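If you want the building blocks of each chain, they are given just below.
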Amino acid sequence: MPIKINHFRRDFNQWSLLLVAIGLFISIPLFSIALNLFDGAGEMWEHIVAYFLLDYIFNSVVLIIGTGLLSSTIGVSTAWIVSKYDFTGRRLLEWLLFLPLAIPSYILAYAYVGLLGNGGTLINGLNWLGISIKKIELMNLYGLIWVLSLSLFPYIYAGTRTLFQSLPTTIRDTAFLLGASSRRYFFSVALPLALPALIGGLFLVFMEVLNDYGAAKYYGINTFTTGIFRTWTALEDLPSAIYLSGLLVVLVLGLISLSRWLRGRKSYTVKLDTAPSRQSVRVPLTGYKRLFYPLIVALPVLFGFLLPLAQLLYWAMLTYPSIFRLRLLWTALQSFGVAIAAALLIVLTALAIIYCARWNNIRGLRSFARLSTIGYVIPGAIIGIGVISSSQTIIDFFSRNFQLQIGYLFYGSSIVLVYAYVFRFLAVAYNPIEANTLKVGKKLSEASYLLGMGRLKTLVKVDLPLLRSTLISALLLVFIDVLKELPLTLILKPYDLDTLAVTAYAYADDELVAESSLPALLLILLIGGLIIVLNNRKLVRDENTGNTRPV
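Just so we're clear, the structure is a prediction, and the values are computed from it rather than from any experiment.

What counts, and at which threshold
Residues numbered from 1 in each chain as written. Predicted model: local features only at pLDDT ≥ 70, side-chain atom pairs only at ≥ 80, totals over all residues. Heavy atoms only, no water. Salt bridge = Lys/Arg side-chain N within 4 Å of Asp/Glu carboxyl O. Buried < 20%, exposed > 50% of the residue type's maximum accessible area, 1.4 Å probe, protein only. Helix = DSSP H or I, 4+ residues; strand = E, 2+ residues; numbered from the N terminus. Core = buried A, V, L, I, M, F, W, Y, C linked by side-chain atoms within 4.5 Å. Contact = heavy atoms within 4.5 Å. Phe/Tyr/Trp six-rings, centres within 6.5 Å; stacked < 30°, edge-to-face > 60°. Lys NZ or Arg CZ within 6 Å of the ring centre and 35° of its normal. 1 Å grid on protein atoms, 1.4 Å probe; cavity = no way out; pocket = protein on both sides within 12 Å on 5 of 7 lines; lining within 4 Å. Points joined across faces, edges and corners; volume = space filled by probe spheres on them. Nonpolar A, V, L, I, M, F, W, Y, C, P; charged D, E, K, R; others polar. Axes fitted to C-alpha atoms, helices over the stretch in contact; angles between N-to-C directions. Parallel < 35°, antiparallel > 145°, perpendicular 65-115°, else oblique. Left-handed = near helix turned anticlockwise from the far one by under 90°. Expected span 1.5 Å × (residues − 1). pLDDT = per-residue confidence, 0-100.

**Description of the pattern of salt bridges**
So, point 1. This structure, assessed with the given rule, holds seven salt bridges.
So, point 2. In this structure, Arg-90 and Asp-86 form a salt bridge, with 3.3 Å as the shortest nitrogen-oxygen distance.
So, point 3. Its relative accessible area of 38% is what places Asp-86 among the partly exposed residues.
So, point 4. Asp-498 is the salt-bridge partner of Lys-493, the closest N and O atoms lying 3.6 Å from each other.
So, point 5. Put simply, Asp-86, Arg-90, Glu-94 and Arg-161 are held in one network by salt bridges that share partners.

Here it is as structure tokens:
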């Protein structure tokens, strides 16, 4: 008689339990929103549906389409030029194209109003030169598309640039031998091969557009994120805010399905020639292209970084005497402290999930690893609402059953905020670390086990030293994202905590836009410095074609 073996009981171990526990604990905000949807809408829901919901849907969809098209045009064109052509200043422009990401979109929105608004700096300068231009109205839907595109196009530039640079000359030579022109080679060969990188970058752009709050709020555009904030704060209707969050999750899931459908099942694998002589060689520019192509590359740097930075510096010189205080330095230290604490915890959590999944013997439980990383595709406003809802449930439970008032632990400290950062940005650290653990493989670890070393000791002595560069890059990437995050911080920060992002937003929200320049410049200085460090270490690689998300 055959012996029945209970494979689950045999293979289940402490790492399986820890993996499930981490996955469920991190995903509490998402479960909270899902459960609260069954409690019904709030009192203001009918009012929201009647007067605001169509605006939220229309504006959000138009922003996604418009920003996607413009950022793709900028990102792909600049990536192609710096990858395939050689010209004076190319090396400088190649890394300057990453720097627009150092200016958060809401700060870029403030700067552009100062540049092109009524009495704007750029408008006055052009009038002084004899070029008569009235103010350019940017505080509308199209102006927001312009600002978001200039802020987010590096996501697409990074991935497509990496792929274009990896194409060997054999592909180009074959296309030319078959009679293809340079234009046809780009549209028929190079661009289709870059489609996975383009779609991956577009998806990141879409998520950032849906997560934006500061720029949309300042420009007066009703989106899902501004609607969630308004419903929760102004209307004081948390159930209706949760309903709006549920609709936004549906939109996000639709975008995920769209990106997978666009990729399809086609293979985009290119067999790269390892011989240096056969790698892609940049072509020197001749004729009118010597001026036109560098101008195409320089314009996004000018409009996305240099002009806004100049406007912020001008404002800072005007407001420095009244704004610069020790309090501002303390705010910078608080921003740095919260960001580094969250980044360290996120990297440690990513390592725990990756290695618990590896040491777990039950394949079915490894899906909890991916469940833990779902937060990056969910806008910060939704996560904030989910964390508040779940926190309140825990507080009420202890109050009813044990007569313990523990609300100060949640709302009087940064614990809840850091927890929300872990849920939001875990994927930023998880993806590159997991990819590099696959490269390292299991042979060295298994050899260590055979020599009598345990799993944890092998992790510390063998695996972590091999992953040092990846861990540093993941730490810096998460640190940058936490510094820039606004919606989540606005919702969950304790009263006595200020960050540079929140301080800059608070000044602008009080119609003190010039005063927002100094904290904004400090934030840009921190983020820009880290981006330069990452580029110099050659750690900026696209998630789809390399191992890390573009910064």
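**Thoughts on the environment of Ala-41**
So, point 1. Structurally, Ala-41 can be placed in the loop between helix 3 (28-36) and helix 4 (45-51).
So, point 2. For Ala-41, a relative accessible area of 36% gives the class partly exposed.
So, point 3. Along the sequence, Ala-41 and Tyr-430 sit 389 residues apart, while their C-alpha atoms lie 35 Å from each other.

**Here's the deal with the nonpolar core**
Soluble, globular proteins show a tendency: their nonpolar side chains are buried together.
So, point 1. In this structure, Tyr-112, Phe-164, Tyr-219, Ile-433 and Leu-492 are the most contacted members of the largest nonpolar core, which totals 178 residues.
So, point 2. Examining the composition of this core, we find that 16 residues originate from one element, helix 17 (residues 326-359), more than from any other.
So, point 3. Leave out the neighbours within four places in its chain, and Tyr-112 touches Gly-117, Leu-138, Trp-146, Val-147, Leu-150, Tyr-219, Phe-303, Gly-304 and Pro-308.

**Description of the packing of aromatic side chains**
So, point 1. One pass over the full model with this rule turns up 27 aromatic pairs.
So, point 2. Between Phe-397 and Phe-398, the ring centres sit 5.7 Å apart and the planes meet at 90°, which makes this aromatic pair edge-to-face.
So, point 3. On the basis of relative accessibility, which here comes to 29%, the residue Phe-398 falls in the partly exposed class.
So, point 4. Through a chain of ring-to-ring contacts, the aromatic side chains of Trp-80, Phe-164, Tyr-185, Phe-186 and Phe-187 assemble into a single cluster.
So, point 5. The lysine or arginine in question, Arg-230, covers the ring of Phe-52, its NZ or CZ lying 5.6 Å from the ring centre.

**Description of empty space enclosed by the protein**
So, point 1. Under the counting rule described, the total for this entry stands at three cavities of 30 Å³ or more.
So, point 2. Roughly 260 Å³ of internal volume is contained in the largest cavity.
So, point 3. Ser-105, Tyr-106, Glu-208, Asn-211 and Lys-484 are the residues nearest the centre of the largest cavity, which is lined by 18 residues in total.
So, point 4. A per-element tally of the lining of the largest cavity places helix 9 (residues 141-166) first, with three residues.
So, point 5. Counted by class, the lining of the largest cavity contains eight nonpolar, four polar and six charged residues.
So, point 6. In this structure, the second largest cavity encloses a volume near 60 Å³.
So, point 7. Forming the walls of the second largest cavity are Ser-335, Val-338, Ala-339, Tyr-421, Val-482, Leu-483, Glu-485, Thr-489, Thr-499 and Ala-501.
So, point 8. Per element, the largest residue contribution to the lining of the second largest cavity is three residues, and it comes from helix 17.

**Some details on the packing of helix 17 against helix 24 (residues 468-484)**
So, point 1. Between helix 17 and helix 24, the shortest axis-to-axis distance is 8 Å and the interhelical angle comes to 135°. Here helix 17 is positioned oblique relative to helix 24, judged by the angle of their axes. In this structure, helix 17 crosses over helix 24, and the sense of that crossing is right-handed. Along its contact with helix 17, which presents Ser-335, Phe-336, Ala-339, Ile-340, Ala-342, Ala-343, Leu-344, Ile-346, Val-347 and Leu-351, the element helix 24 presents Leu-471, Ala-474, Leu-475, Val-478, Phe-479, Val-482 and Leu-483.
So, point 2. When grouped by side-chain class, the residues that make up the contact of helix 17 with helix 24 number 16 nonpolar, one polar and no charged.

**Concerning helix 19 (residues 380-402)**
So, point 1. Helix length check: helix 19 (23 residues) gives 32 Å between terminal C-alpha atoms against 33 Å at 1.5 Å per residue, within 8%.
So, point 2. Among the residues trailing helix 19, Gln-403 stands out with phi positive, at a value near 55°.

**Structural notes on the confidence of the model for the chain**
So, point 1. Confidence in the prediction of the chain, expressed as mean pLDDT, is 82, and 90% of residues score 70 or more.
So, point 2. Per-element mean pLDDT across the chain ranges from 60 in helix 1 (residues 7-11) up to 93 in helix 5 (residues 53-84).
So, point 3. In this model, residues 272-279 is a region of pLDDT below 50 whose contacts with residues beyond four sequence positions or in other chains number 13 contacts.
So, point 4. Contacts from residues 539-551, a stretch scored under 50 in pLDDT, to residues over four places away or in other chains number 59 contacts.

**As for helix 26 (residues 500-509)**
So, point 1. Helix 26 sits mainly inside the fold: seven of its 10 residues count as buried.
So, point 2. Considered for burial, the residues of helix 26 that qualify are Leu-500, Ala-501, Val-502, Thr-503, Ala-504, Tyr-505 and Ala-508.

**Focus on unusual backbone geometry**
So, point 1. Its identity as a non-glycine residue notwithstanding, Glu-236 has a phi of 50°, on the positive side.
So, point 2. In this structure, Glu-236 sits in the loop between helix 14 (224-233) and helix 15 (238-263).
So, point 3. Backbone geometry places Glu-511, a non-glycine residue, at a positive phi of 65°.
So, point 4. Here Glu-511 lies in the loop between helix 26 and helix 27 (517-536).

**With respect to the environment of Leu-17**
So, point 1. Locating Leu-17 in the fold gives a position in helix 2 (residues 14-26).
So, point 2. Using a relative accessible area of 52% as the deciding quantity, one classes Leu-17 as exposed.
So, point 3. Sequence separation of Leu-17 and Ala-190 is 173 residues, and the distance between their C-alpha atoms is 47 Å.

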